[in-house]
Amino acid sequence: MITLPMIYALAGLLFAAIAIQGALDRANPRRWLGAGFWGLYAVNFLAGSYLPDFANGVLVLGMVALAAAGLGRGAPPTTTAEQRAAGTARFGNALFVPALLIPGVTLLGTLLLKLVVVGGQPLIDPNQATLISLGLGVVVALGAAIIMLRPPPLAPVREARRLAETIGWAAVLPQMLAALGALFAVAGVGTVIAGLLNDYVPLDTPLLAVTAYAVGMALFTAMMGNAYAAFPVMTAAIGLPLVVHKFGGDPAVVCALGMLSGFCGTLVTPMAANFNVVPAALLELPDRNGVIRVQAPTALILLLGNIVLMYLLAFPP
Amino acid sequence: VAPLQLSVWAMPTALLALVVHVARLVLLDRQLQCQAAARVAERVP
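Residues numbered from 1 in each chain as written. Chains lettered and ligands numbered in written order. Predicted model: local features only at pLDDT ≥ 70, side-chain atom pairs only at ≥ 80, totals over all residues. Heavy atoms only, no water.

**Examining the overall build of chain A**
At step 1: Within chain A, the secondary structure is distributed over 15 helices and two strands.
At step 2: Overall size of chain A, expressed as C-alpha extent along the three principal axes, is 65 × 60 × 45 Å.
At step 3: Put simply, chain A has 317 residues, and 38% of those count as buried.
At step 4: Taking all contacts inside chain A whose residues are at least 6 apart in sequence as the whole, residues at least 24 apart take part in 73%.
At step 5: Total accessible area on chain A is roughly 17200 Å²; 73% of this is exposed by carbon and sulfur atoms.
At step 6: Here chain A contributes 14 positively and 11 negatively charged side chains, and the mean placements of these two sets differ by 13 Å. (Helix = DSSP H or I, 4+ residues; strand = E, 2+ residues; numbered from the N terminus. Buried < 20%, exposed > 50% of the residue type's maximum accessible area, 1.4 Å probe, protein only. Contact = heavy atoms within 4.5 Å. Areas by Shrake-Rupley, 256 points an atom, 1.4 Å probe, with all protein chains shown as cover. Lys, Arg positive; Asp, Glu negative; His and termini not counted. Charge placed at Lys NZ, Arg CZ, Asp CG, Glu CD.)

**A closer look at helix H11 (residues 227–246) of chain A**
Residues and elements named next belong to chain A.
At step 1: The end-to-end C-alpha distance of H11, which contains 20 residues, comes to just 24 Å, noticeably less than the 28 Å that a straight helix rising 1.5 Å per residue would cover.
At step 2: Considering bend angle alone, the principal kink of H11 is centred on Thr235 and spans about 60 degrees.
At step 3: Burial in H11 covers these residues: Ala227, Ala229, Ala230, Val233, Met234, Thr235, Ala237, Ile238, Gly239, Leu242, Val243 and Val244.
At step 4: The elements touched by buried residues of H11 are helix H8 (173–187), helix H9 (189–200), helix H10 (206–224) and helix H12 (251–267).
At step 5: Among the residues trailing H11, Gly248 stands out with phi positive, at a value near 75 degrees. (Expected span 1.5 Å × (residues − 1). Bend = angle between axes of the 7 residues up to and from the residue.)

**Some details on the packing of H12 of chain A against helix H1 (residues 3–43) of chain B**
Describing two packed helices takes the angle between their axes plus the distance from one axis to the other.
At step 1: Close contact between H12 of chain A and H1 of chain B brings their axes to 8 Å; oriented N to C, the two are set at 55 degrees. Comparing their axes, H1 of chain B and H12 of chain A come out oblique. Between H12 of chain A and H1 of chain B lies a crossing whose hand is right-handed. Two secondary-structure elements touch here, H12 of chain A through Ala252, Val253, Cys255, Ala256, Leu257 and Leu260 of chain A and H1 of chain B through Gln5, Leu6, Trp9, Ala10 and Thr13 of chain B. (Axes fitted to C-alpha atoms, helices over the stretch in contact; angles between N-to-C directions. Parallel < 35°, antiparallel > 145°, perpendicular 65-115°, else oblique. Left-handed = near helix turned anticlockwise from the far one by under 90°.)

**With respect to the packing of aromatic side chains**
All names here are of chain A.
At step 1: Per the counting criterion, the structure on display carries nine aromatic pairs over all chains.
At step 2: Taken together, a centroid distance of 5.6 Å and an interplanar angle of 20 degrees make the contact between Phe15 and Phe45 stacked. Of the two residues, Phe15 sits in helix H1 (residues 4–24) while Phe45 sits in helix H2 (residues 31–47), which places them 30 residues apart along the sequence.
At step 3: Under the relative-accessibility criterion, Phe15 is labelled buried at 16%.
At step 4: Looking at Phe45, the relative accessible area reads 17%, which means it is buried.
At step 5: Here the aromatic rings of Tyr41 and Phe45 are separated by 5.1 Å at their centres, their planes lie at 80 degrees, and the arrangement is edge-to-face. Of the two residues, Tyr41 and Phe45 both sit in helix H2, four residues apart, roughly one turn of that helix.
At step 6: Linked through ring pairs, Tyr8, Phe15, Phe37, Trp38, Tyr41 and Phe45 together constitute an aromatic cluster. (Phe/Tyr/Trp six-rings, centres within 6.5 Å; stacked < 30°, edge-to-face > 60°.)

What is shown is where atoms sit, not what they do.
As structure tokens, then:
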């Protein structure tokens, strides 16, 4: 049976390969810091489930220290601009096939792989069908890309390192913020927010509760910089106790639209620096808030839309 | 809650986002065309 730990091991091996290559690249004067960062991340994937929580916490703190010191960037061998142009001319839109295979295999795998039984055992862990299918989708897409493009054998790992070093520590941000959100939820931040809201706004109709949840997700996301951190807190504070349990909302609808309301907050906050501030700086826009200014109207319309949709869809007659 | 259900319920918002974005791009195109027309009008007396 294919289980989630196997997919984690696959990811861990990739990050380990990135770390080893980084350590060997003399072009990066800070190569040991970078290798340490990706190495600790690899340990997190390979052994995280077997380590005690305290050890995992120390791993994360180690990563923070290394990232704060600066990871540097190496110079992995890659294709030239001419080779890329030639490849584009040769393959055209077929270049998108490997990328589109990932969502395609994930969707089909989620729907169908649960049903496959090999030797009396299910082929994949049915509880984790989506994540395992995503992992398999990546493997299938990599295979297709290798067959199509016939790159040098080490190219996949080299390009993985180039991408990882380009994004830098921000690559691990969604995972870390989701963990932070879970910590906040365990620490009871959700209960405090629910208490504050109850003191000032009477959330005694479904529409008010839905509005408070969606606007709360957007605001808390704007503060935290990421919806993954806001989601566990606001869902524990308003989403589950009020919208789902008290008023009988469908949890799938409430959670999906709650997350999307959070993304409306992402569009308008400088805290989401990698989306909203870094591009403005890289493009040397005269207005540092230019990206946010352009995104704000869309964000507000979509937040309103999410509230209406949640109110209409979450309470089936 | 299955992840697939979450994606299904994200579709209405995806449609709405498409509509909003298309509408904003159409408005932007019109604005740019007006500006271009105004510039041409300035040059041709």
